[in-house]
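# Descriptive analysis of the structure
Below are the chains, spelled out letter by letter.
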Amino acid sequence: MSEILAHAEHGVLTLTFNRIEKKNALTSPMYARLADHLMGAADDAQTRVLVIQGQENLFTAGNDVSEFLQRPPASLEAPVFRFLRAIADFPKPVIAAVCGPAVGIGTTLLLHCDLVYAGDNALFSLPFVNLGLCPEAASSLLLPLRVGHAAAAEKLLFGEPFAADEAHEMGLVNRVLPPAEVNAYAQQQAGKLAAKPMASLSVTKALLRKPLREAVHAVIVEEAMHFERMLKGPAAKEAFGAFLAKRKPDFSGL
Ligand code: COA
């Protein structure tokens, strides 16, 4: 079965992460599929709203760690960047339904969504520093704008997971619900939006996003330069090696 499920109904396209045995860790083929769906849906008059979701106890463990080690993104044409550009520019409302872990890009992609509904079991994290890396997906720009510098610095420098209530207080999440209700609530809200006039939705979203659009793309590129270099560095190798060997990383001397 596909690792990205797509279901279209009543103007709502729902994309579901479906690699449960690896905690929905995202691989290049998964990013490529997400990007293809987003680009197709952007031009498809039948799609009025997009929902991105996982399961009742799992959003995504972020980028696949083995792939980071074995096949790091080689250029800005890599599927992960195609996906980031596609979601940053997606012209219709995007709703994320988040339960359980939302690691790395699982949290940063939310900054490109218009509405985020979370289960009270959602656990967000931005572990880049702890992995010897740096922020990605324009999160170094979008997170402080969304939650303020103090909270953004705390989350990005310490990289410690934070729960749904805190994410809600910070303004990252619109609403917290019991996990069993999250995906259904996202569908209900998507259905409400899909019944509204499309041009008004698109223009409203474009106006909301316009002030930061160019900066977002520039920052995605700037972060990617650092990220790609750091991925090959000793701290990232130690962090990922430790994760796969199920041991604590040792950054002494790094
Ligand atoms: N990439 C590759 N495999 C991953 C993964 C990832 N990002 N996250 C989890 N997995 C794999 C584990 O290696 C394990 O595989 P195995 O069964 O073959 O040993 C399986 O998924 C289950 O993961 P596990 O860690 O045992 O589950 P958990 O419920 O104890 O913890 C998480 C879940 C998401 C908290 C934890 O897996 C985690 O922190 N993942 C890494 C996140 C990360 O560093 N992502 C990169 C962000 S840039």
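Higher on the page you've got the structure.
Worth saying up front: this structure is predicted, and the values here are computed from it rather than measured.

### Things to note about the packing of helix 5 (residues 139–147) against helix 6 (residues 149–158)
- Taken N-terminus to C-terminus, the directions of helix 5 and helix 6 make an angle of 135 degrees; their axes are 7 Å apart at the nearest point. One way to sum up the angle between helix 5 and helix 6 is to call them oblique. At the point where helix 5 passes helix 6, the crossing takes the right-handed sense. Along its contact with helix 5, which presents S139, L143, P144 and V147, the element helix 6 presents H149, A151, A152 and L156.
- Residues that form the contact of helix 5 with helix 6 fall into these classes: 6 nonpolar, 2 polar and no charged.

### Focus on helix 1 (residues 28–43)
- Helix length check: helix 1 (16 residues) gives 23 Å between terminal C-alpha atoms against 22 Å at 1.5 Å per residue, within 8%.
- Every buried residue belonging to helix 1 is among M30, Y31, A32, L34, A35, H37, L38 and A41, and all of these are buried.
- Against the buried residues of helix 1 lie strand 1 (4–9), strand 2 (12–17), strand 3 (49–53), helix 3 (79–88) and helix 4 (105–108).

### So, the packing of aromatic side chains
- Applying the stated criterion to the full structure yields 7 aromatic pairs.
- Taking 5.6 Å as the distance between ring centres and 50 degrees as the angle between the ring planes, the aromatic pair formed by F68 and F227 counts as tilted. Of this pair, F68 sits in helix 2 (residues 65–70) while F227 sits in helix 10 (residues 213–231), and the two are 159 residues apart along the sequence.
- Classification of F68 by relative accessible area gives buried; the value is 10%.
- The exposure class of F227 is buried, given its relative accessible area of 8%.
- Judged by centre distance (6.4 Å) and plane angle (70 degrees), the rings of F128 and F227 are edge-to-face. Of this pair, F128 sits in the loop between strand 7 (123–125) and helix 5 while F227 is found in helix 10, placing the two residues 99 residues apart along the sequence. The burial state of F128 is the same as that of F227; both residues are buried.

### Examining the packing of helix 3 against helix 10
- Between helix 3 and helix 10, the least distance of the axes is 11 Å, while the angle of their chain directions is 160 degrees. The angle between helix 3 and helix 10 falls in the class roughly antiparallel. Between helix 3 and helix 10 lies a crossing of right-handed hand. Residues F81, L84, R85 and A88 of helix 3 form the contact with helix 10, whose own contacting residues are V216, H217, I220, A224 and E228.
- A class-by-class count of the residues in the contact of helix 3 with helix 10 yields 6 nonpolar, 1 polar and 2 charged.

### A few points about the layout of surface pockets
- Its boundaries defined by the atoms lining it, the largest pocket holds a volume of some 980 Å³.
- A61, N63, V65, L131 and F243 are the residues nearest the centre of the largest pocket, which is lined by 44 residues in total.
- At the level of secondary structure, the elements contributing two or more residues to the lining of the largest pocket comprise helix 2, helix 3, helix 10 and helix 11 (234–244).
- Of the residues assigned to the lining of the largest pocket, the class counts are 26 nonpolar, 7 polar and 11 charged.
- Taken as a whole, the second largest pocket holds about 680 Å³ of empty space.
- Lining the second largest pocket are 31 residues, and of these C113, D114, K205, L208 and R209 sit closest to its centre.

### Comments concerning the pairing of strand 6 (residues 115–119)
- Strand 6 sits mainly inside the fold: 4 of its 5 residues count as buried.
- As paired strands, strand 6 and strand 9 (residues 175–177) are joined by 3 bridges and run parallel to one another. Bridging across to strand 9, A118 finds its partner in V176.

Rules of the game
Residues numbered from 1 in each chain as written. Predicted model: local features only at pLDDT ≥ 70, side-chain atom pairs only at ≥ 80, totals over all residues. Heavy atoms only, no water. Axes fitted to C-alpha atoms, helices over the stretch in contact; angles between N-to-C directions. Helix = DSSP H or I, 4+ residues; strand = E, 2+ residues; numbered from the N terminus. Parallel < 35°, antiparallel > 145°, perpendicular 65-115°, else oblique. Left-handed = near helix turned anticlockwise from the far one by under 90°. Contact = heavy atoms within 4.5 Å. Nonpolar A, V, L, I, M, F, W, Y, C, P; charged D, E, K, R; others polar. Expected span 1.5 Å × (residues − 1). Buried < 20%, exposed > 50% of the residue type's maximum accessible area, 1.4 Å probe, protein only. Phe/Tyr/Trp six-rings, centres within 6.5 Å; stacked < 30°, edge-to-face > 60°. 1 Å grid on protein atoms, 1.4 Å probe; cavity = no way out; pocket = protein on both sides within 12 Å on 5 of 7 lines; lining within 4 Å. Points joined across faces, edges and corners; volume = space filled by probe spheres on them. Pairing = 2+ DSSP bridges.

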